[in-house]
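# Commentary on secondary and tertiary structure
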Amino acid sequence: MKDVARTAGVSTGTVPHALDRPELVSPPTRAAVMPVVESLGHVRLAGARQPRGNASSQLLALYGVDVTDPLDAALTAAVERAAEEAGPGVPMCGGGHGQGRMRRDVTRLAAHQVRGVVIAARSDAKQAPAACVERGVACVVAGQDLTAVGACSVTVDDRTGGRAAATHPLARGHRSVVVVAGPGPMTRRGRRGGTDALEEAGDGAFCAGESATEGISVGAGRDAGQRLLGVTPRPAAALCFQDLPALGLMRALHGAGVRVPHGVAVVGYEDPAFAPAAVVPLTSVRRPARSPGTRAGRLLVERTAQAAHEHVHGAPAPELVVRRSALSGPLQPPALVTATRFRASLREREGEWSGGARRPGRRW
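The following refers to the structure shown. (Residues numbered from 1 in each chain as written. Predicted model: local features only at pLDDT ≥ 70, side-chain atom pairs only at ≥ 80, totals over all residues. Heavy atoms only, no water.)

## Let's talk about the overall build of the protein chain
Each helix and strand in the protein chain was counted, giving 12 helices and 12 strands. When each of the 364 residues of the protein chain is scored for burial, the buried share is 43%. Residue pairs at least 24 apart in sequence account for 72% of intrachain contacts in the protein chain once pairs closer than 6 positions are excluded. Per element, the accessible surface of the protein chain, about 18,300 Å² overall, is 53% carbon and sulfur. (Helix = DSSP H or I, 4+ residues; strand = E, 2+ residues; numbered from the N terminus. Buried < 20%, exposed > 50% of the residue type's maximum accessible area, 1.4 Å probe, protein only. Contact = heavy atoms within 4.5 Å. Areas by Shrake-Rupley, 256 points an atom, 1.4 Å probe, with all protein chains shown as cover.)

Encoded structure:
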């Protein structure tokens, strides 16, 4: 605090007023103090003073969660469960984008003397752990492998999951497969694994194309399904790297009279609770949504309880759950009925009806 006061050219007593009671400080004075606080990384403790990241703290923070995202909801429940095992509570901090906003958020968390922070991975997830390292706050990233950042991370091996999604329709005899993928790191990793499996399969198997969706929704999947219906020859199977687009795609196929799985087999990714409740139960790769959160919470407790700590990076693999949407192989054309076979069938029928009585045990 003395460094802040000396650099800003104010008294030591003015600094806490500028931070905690800005109504007592003139705007020019506060404007002089706050940039210095930010540049020096000063942390104003909100309560009894204790070292940041200390194991005696009773708070684990969860940063960057989206309450509307089912994956983040599962992550939150898992982190809370891991925290309950060790005793701390878990306050949530939604967080925003941009390095400046994240640094301010992390500074506030440090001021509340959290034991550490579990960061829900986003496309800009590298910025949040970097801000934690800068402020001396222990952190674990859940949902993305950030080996180079200097923090523990727990993710899911979506590349292996994508390979499992592609291997199943190939094993059922489908040779032409279209890949439907939206934005996000999870779908990019899964798509990469799926296309790798298709390229390595041989035996006439090939990727019939990729259909990119602008969002992850039923509507986006329906649009992809309409594009699929316009492709000639039509692909035998579709890999959708989210289940909501898979449902939309099946709806588009059903509206055009294309049967699932006989006309087009469909495989989804993530396997939420509604996947088995679809009109055609959806084959999907079950992503272990809770295990990254549980592991991240436990890692954070271990990280703050040990003086010496080596960063750990884990990646559990998903598993394929087979349901009706991809149970059958490709639809075979009906057998050709020749005139000879048709006449033979008529003679057999006439013999069974000879004498005006139907032969027992046969139905017509």
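## Focus: the side chain of R189
Turning to its location among the elements, R189 is positioned in helix 8 (residues 185–201). Residue R189 is classed as buried on the basis of its relative accessible area, which comes to 19%. Of the polar contacts made by the side chain of R189, one reaches the side chain of D158; its length is 2.8 Å. (Polar contact = N/O pair within 3.5 Å; in protein donor to acceptor, adjacent residues only side chain to side chain.)

## A short note on helix 8
Taking 1.5 Å of rise per residue, the 17 residues of helix 8 would be expected to cover 24 Å, and the 25 Å separating its terminal C-alpha atoms lies within 8% of that figure. Along helix 8, the residues that are buried comprise M186, T187, R189, G190, G193, G194, T195, D196, A197 and L198. Two residues or fewer past helix 8, G202 is found with a positive phi of approximately 65 degrees. (Expected span 1.5 Å × (residues − 1).)

## Things to note about the pattern of salt bridges
Tallied over the full model, the rule gives 7 salt bridges. D196 is the salt-bridge partner of R159, the closest N and O atoms lying 2.7 Å from each other. Separated by 37 residues along the polypeptide, R159 in helix 7 (residues 158–171) and D196 in helix 8 bring together distant segments of the chain. Residue R159 is classed as partly exposed on the basis of its relative accessible area of 38%. One continuous salt-bridge network, built from bridges that share partners, spans D158, R189 and R287. (Salt bridge = Lys/Arg side-chain N within 4 Å of Asp/Glu carboxyl O.)

## Description of the sheet that holds strand 10 (residues 283–286)
The 6 strands lie next to each other as 7-6-8-9-10-12, forming an open sheet whose pairing is mixed. The sheet is open, and its two edges are formed by strand 7 (206–212) and strand 12 (319–321), each paired on a single side. Averaged over all pairs of adjacent strands, the angle between their axes in this sheet comes to 20 degrees, without regard to strand direction. Pairing of strand 8 (residues 237–240) with strand 9 (residues 265–270) involves 3 bridges; the strand directions are parallel. The partner of A238 across the bridge, within strand 9, is V266. The sheet contacts of helix 10 (residues 243–255) involve strand 6 (176–181), strand 8, strand 9 and strand 10, and relative to strand 9 the element is tilted by about 160 degrees. (Pairing = 2+ DSSP bridges. Axes fitted to C-alpha atoms, helices over the stretch in contact; angles between N-to-C directions.)

## Details of unusual backbone geometry
Cis geometry marks the peptide bond from T232 to P233, where omega comes out at -10 degrees. Following V260, the chain continues into P261 via a peptide bond in cis, with omega recorded as 15 degrees. Within the secondary structure layout, P261 lies in the loop between helix 10 and strand 9. Positive phi, normally seen in glycine, also occurs at E270, with a value near 120 degrees. Mapped onto the secondary structure, E270 falls in strand 9. Relative accessible area serves as the criterion here: at 11%, E270 is assigned to the buried category.

## Some details on the packing of aromatic side chains
Per the stated rule, a full pass over the model turns up 1 aromatic pair. When the centroid spacing of 5.5 Å and the interplanar angle of 50 degrees are considered together, the rings of F241 and Y269 count as tilted. Highlighted residues: F241 in the loop between strand 8 and helix 10 and Y269 in strand 9, separated in sequence by 28 residues. Using a relative accessible area of 2% as the deciding quantity, one classes F241 as buried. A relative accessible area of 1% places Y269 in the buried class. (Phe/Tyr/Trp six-rings, centres within 6.5 Å; stacked < 30°, edge-to-face > 60°.)

## Structural notes on the side chain of D158
By the element assignment, D158 lies in helix 7. For D158, the side chain forms a polar contact with the side chain of R287, separated by 2.8 Å. Not counting the four nearest positions on each side in its chain, D158 is found in contact with M186, R189, G190, Y269 and R287.

## Here's the deal with the packing of helix 7 against helix 8
Relative to each other, helix 7 and helix 8 sit at 45 degrees, their axes nearing to 7 Å. As the angle between them shows, helix 7 and helix 8 are arranged oblique. Crossing hand, helix 7 versus helix 8: right-handed. Mapping the contact onto sequence places D158, R159, G162, R163, A166, T167 and L170 in helix 7 and M186, R189, G190, R192, G193, G194, D196, A197, L198, E200 and A201 in helix 8. (Parallel < 35°, antiparallel > 145°, perpendicular 65-115°, else oblique. Left-handed = near helix turned anticlockwise from the far one by under 90°.)

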